[in-house]
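So the chains spell out like this:
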Amino acid sequence: MTRLTAKLLPQLPEGVRPAYDPAAQAAGILHLGLGAFHRAHQAFYTDAALARDGGDWRILAVSLRSTETVDALRAQDGLFTLVERGPHGDRAQVIGAVADALAAARDSQEVLAVFERPEIRIVTLTVTEKAYGFDRASMDIEPGHEAIAADLAAPQQPRGVIGLLVEGLRRRRAADLRPPAILCCDNLPENGPLLRAGVLGFARRVDVDLAEWIAQEVAFPASMVDRITPATTDETAKRAQALIGADDAAAVETEPFTQWVIEENFPQGRPSWEAGGAVFVADVAPFERMKLRMLNGAHSLIAYAGFLAGHAYVRDAMSDASLAVLVDRHIRAAAGTVGRLEGIDLDAYRADLLARFANPAIAHQTYQIAMDGTEKLPQRIFAPATDALTSGADLAPYAFAVAAWMCYATGRDAKGKNYDLRDPREDELRRAVLHAGNDASALVAALTALPSFFPVSLRDSPAFRHALETRLAVMLDRGMPEAIRREAA
Ligand code: CS2
């Protein structure tokens, strides 16, 4: 079958092909992290902006580790199919917003050279929480993080995210150009200020003048991103092929729902992302809190409890009636810590979440979401749990979610099968659980003692500890399905 390329576009039906001529639009954005999420989210919004208002805002998209998607996109003139999968059917759309793809692992100098192109006015990032190497407690970088340590030792040959940004900005300044705005699109709390602090922390260690320039000149808007996008599979390519009648090695599938709330702070302009439904606000933090605590918090609960109860996909976990009760309880509890939000009905948001999780067309693996728990739990579970502790709200939902993660951290399922935790602190976790064995209070003691992880207030709360230990004991002794049934009863 024919491959999706620019030449093929005129043959595609209206509504499927981009509603503009992609080649007529130049690039204005450098994006780091070319995963499925970027293609389903920022590329989708940029496509909508280009279709409505034009502008030279196409994307030079960089994959930091893999080369596969880069090669696929290059063979397709940057084009790919976005398959939206709802309960009532599929819809395909070819996205034309990606102008070119680059592989940092192959040539990071090529990526750095992009910073010297004046037309690049925005840098966006979706690189996952662990890639940055933040020390969140001190709002700085973690000098021991692998990529940070390597890049501090050779700042002009960076391989990590922060190192690339700092060296890119150094070159930008040396070329006497105004800097791009840097927009973090990862699921981190206050992601704009956090990225700014990390970049400044790194820059201060290598070049104090540069750090000063960054502090004065570079905008780091915050943003809340949302679209449930499972990892692509062979099925994705087959679906895309059936829908557009061409081969596409870079297709992605996602849900119909999408949301982007962005802090309005782009000194050199921006695409009209509102054409795709993006909302611009002065303060993103409350929206971030809502999404991280209600959606992502519930997702992590589903991931750990669901995985251990034998549910491979989120949709299966939602058809487990007792687990669905706990998910609903969790979202309600988290909503109670969010506060009032202008223009948002939290109860409707909760109902939407339950429907989105249950979407039968989305095969989102619990094991995928379970990844990187030590990077995710603090903002998703510990933060609302700490607020609940302060306000005297019910701690049970958080205790259950944390217990499920601890049970998962043992690395062994009910059948005695071992699995990889896929966590950046996997070795430390393994050592911690090894000594504790199957003893709930020993496990709680070991895992709450990990450095820079568990909030002291929760660890030292007898009420939280008791709630946690009793639940974990049931999970360890009786298995997750029974623990879920008892908790929901
Ligand atoms: C998920 C998120 O993998 C995970 O940790 O919770 O990727 C989630 O699907 C997105 O944040 C939805 O916007």
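Residues numbered from 1 in each chain as written. Predicted model: local features only at pLDDT ≥ 70, side-chain atom pairs only at ≥ 80, totals over all residues.

Further remarks concern the overall build of the chain. When helices and strands are tallied, the chain shows 22 helices and 13 strands. Against the globule reference of 23 Å for 489 residues, the chain gives a C-alpha radius of gyration of 23 Å, in line with a compact fold. Structurally, the chain occupies a C-alpha span of about 60 × 55 × 45 Å along its principal axes. Residue burial in the chain is summarised as follows: out of 489 residues, 51% are buried. Relative to all contacts within the chain whose residues are 6 or more apart in sequence, the contacts with residues 24 or more apart total 76%. (Helix = DSSP H or I, 4+ residues; strand = E, 2+ residues; numbered from the N terminus. Rg over C-alpha atoms; globule rule 2.2 N^0.38 Å. Buried ≥ 20, exposed ≤ 12 C-beta atoms within 10 Å, placed from the backbone. Contact = placed C-beta atoms within 7 Å.)

Turning our eyes to something else, we now look at the sheet that holds strand 11 (residues 252-254). In space, the three strands of this open sheet follow the order 4-3-11, with mixed pairing throughout. Whereas interior strands pair on both sides, the edge strands pair on one side only; in this sheet they are strand 4 (89-95) and strand 11. Within the sheet, the average angular offset between the axes of one strand and its neighbour, ignoring direction, is 25°. Across three bridges, the pairing between strand 3 (residues 80-86) and strand 11 is parallel. Note on strand 11: the bridge partner recorded for Val83 is Glu253. (Pairing = 2+ DSSP bridges. Axes fitted to C-alpha atoms, helices over the stretch in contact; angles between N-to-C directions.)

Another aspect to go through is the site of the ligand. Near the ligand you find Asn187, Asp226, Arg227, Ile228, Asn296, His299, Gln368, Ile369 and Lys376, and these make up its full shell. Elements that contribute at least two residues to the shell around the ligand include exactly helix 11 (285-308) and helix 15 (366-370). A per-class count over the shell around the ligand returns two nonpolar, four polar and three charged. Both domain 1 (6-281) and domain 2 (285-488) contribute no fewer than three residues apiece to the shell around the ligand. (Near = placed C-beta within 6 Å. Nonpolar A, V, L, I, M, F, W, Y, C, P; charged D, E, K, R; others polar. Domains from an automatic or database assignment.)

Turning our attention to unusual backbone geometry. Leaving glycine aside, a negative phi is the common case for residues, and trans is the common case for peptide bonds. Positive phi is not limited to glycine here, since Asp176 has a value of about 60°. Residue placement: Asp176 occurs in the loop between helix 7 (161-174) and strand 9 (181-184). Unlike most non-glycine residues, Glu190 shows phi in positive territory, near 50°. Among the secondary structure elements, Glu190 is positioned in the loop between strand 9 and helix 8 (191-206).

With that settled, the discussion passes to the sheet that holds strand 10 (residues 223-226). Ordered by their spatial adjacency, three strands build an open sheet running 10-12-13, and the pairing between neighbours is mixed. Of all the strands in the sheet, just strand 10 and strand 13 (279-281) have a single pairing partner and so form its edges. Within this sheet the neighbouring strands show an average axis-to-axis angle of 20°, counted without direction. Bridge count for strand 12 (residues 259-263) against strand 13 is three bridges, and the pairing is parallel. Its bridge partner lying in strand 13, Val261 is registered against Val279.

Another point: helix 19 (residues 440-448). Looking at helix 19, one finds that the buried residues are Ala440, Leu443, Val444, Ala446, Leu447 and Thr448. Looking at the buried positions of helix 19, the neighbouring elements they touch are helix 17 (396-409), helix 18 (426-436), helix 20 (456-459) and helix 21 (462-478).

What the domain assignment lists for the chain is domain 1 (6-281) and domain 2 (285-488). Distance between the C-alpha centres of domain 1 and domain 2: 29 Å. Counting from both sides, the interface comprises 19 residues of domain 1 and, opposite them, 22 residues of domain 2. A breakdown of the residues in the side of domain 1 that touches domain 2 according to their chemical character gives ten nonpolar, three polar and six charged.

Here the UniProt feature "domain: Mannitol dehydrogenase C-terminal" (unreviewed entry) sits at residues 283-472. Span residues 283-472 is 68% helix and 0% strand, its end C-alpha atoms 38 Å apart. (UniProt positions renumbered as here; feature names shortened; annotations may be inferred.)

Next up on the list: the UniProt feature "domain: Mannitol dehydrogenase N-terminal" (unreviewed entry) in the chain. Here the UniProt feature "domain: Mannitol dehydrogenase N-terminal" (unreviewed entry) sits at residues 28-274. The distance separating the terminal C-alpha atoms of residues 28-274 is 17 Å; by composition the span is 38% helix and 22% strand.

Moving on: the pairing of strand 5 (residues 98-103). Among the six residues in strand 5, five count as buried, and that is most of the element. The sheet contact formed by strand 2 (residues 58-63) and strand 5 spans five bridges and is parallel. By the bridge assignment, Ser63 is partnered in strand 5 with Ala103.

Before going further, it helps to examine the packing of helix 13 (residues 321-335) against helix 14 (residues 346-358). Where helix 13 contacts helix 14, the two axes come as close as 10 Å, and the packing angle between them is 150°. One element, helix 13, and the other, helix 14, form an angle in the roughly antiparallel class. Regarding helix 13 and helix 14, the two cross each other, and that crossing is right-handed. Along its contact with helix 13, which presents Val327, Asp328, Ile331, Arg332 and Ala335, the element helix 14 presents Leu346, Arg350, Leu353, Leu354 and Phe357. Its residues assigned to classes, the contact of helix 13 with helix 14 comprises seven nonpolar, no polar and three charged. (Parallel < 35°, antiparallel > 145°, perpendicular 65-115°, else oblique. Left-handed = near helix turned anticlockwise from the far one by under 90°.)

The two faces of the sheet receive side chains in turn, since in a regular strand these alternate between them. Bridging between strand 3 and strand 4 involves seven bridges; their strand directions are antiparallel. Counted as the bridge partner of Val83 is Ala92 from strand 4. In textbook terms, the turn of a hairpin is the stretch between consecutive antiparallel strands, and for strand 3 and strand 4 this stretch comprises two residues.

Okay, the packing of helix 21 against helix 22 (residues 480-488) next. The contact between helix 21 and helix 22 brings their axes to 7 Å, and the two run at 140°. One way to sum up the angle between helix 21 and helix 22 is to call them oblique. In contact with Arg471, Val474, Met475 and Arg478 of helix 21, helix 22 contributes Met480, Glu482, Ala483 and Arg486. Taken together, the residues of the contact of helix 21 with helix 22 sort by class into four nonpolar, no polar and four charged.

Before going further, it helps to examine the environment of Ala250. With respect to the helices and strands, the residue Ala250 is situated in the loop between helix 10 (234-244) and strand 11. For Ala250, a count of 28 C-beta atoms within 10 Å gives the class buried. For the pair formed by Ala250 and Arg430, sequence separation is 180 residues and the distance between their alpha carbons is 36 Å. With residues near it in sequence (within four places) discarded, Ala250 still touches Thr69, Ala72, Leu73, Gln76 and Phe80.

Right, let's talk about the environment of Pro22 for a bit. Tracing the chain through its elements places Pro22 in the segment before strand 1 (27-32). Residues Pro22 and Ala6, spaced 16 residues apart in sequence, show a C-alpha to C-alpha distance of 8.6 Å. Excluding residues that lie within four positions of it along the chain, Pro22 makes contacts with Arg58 and Gly96.

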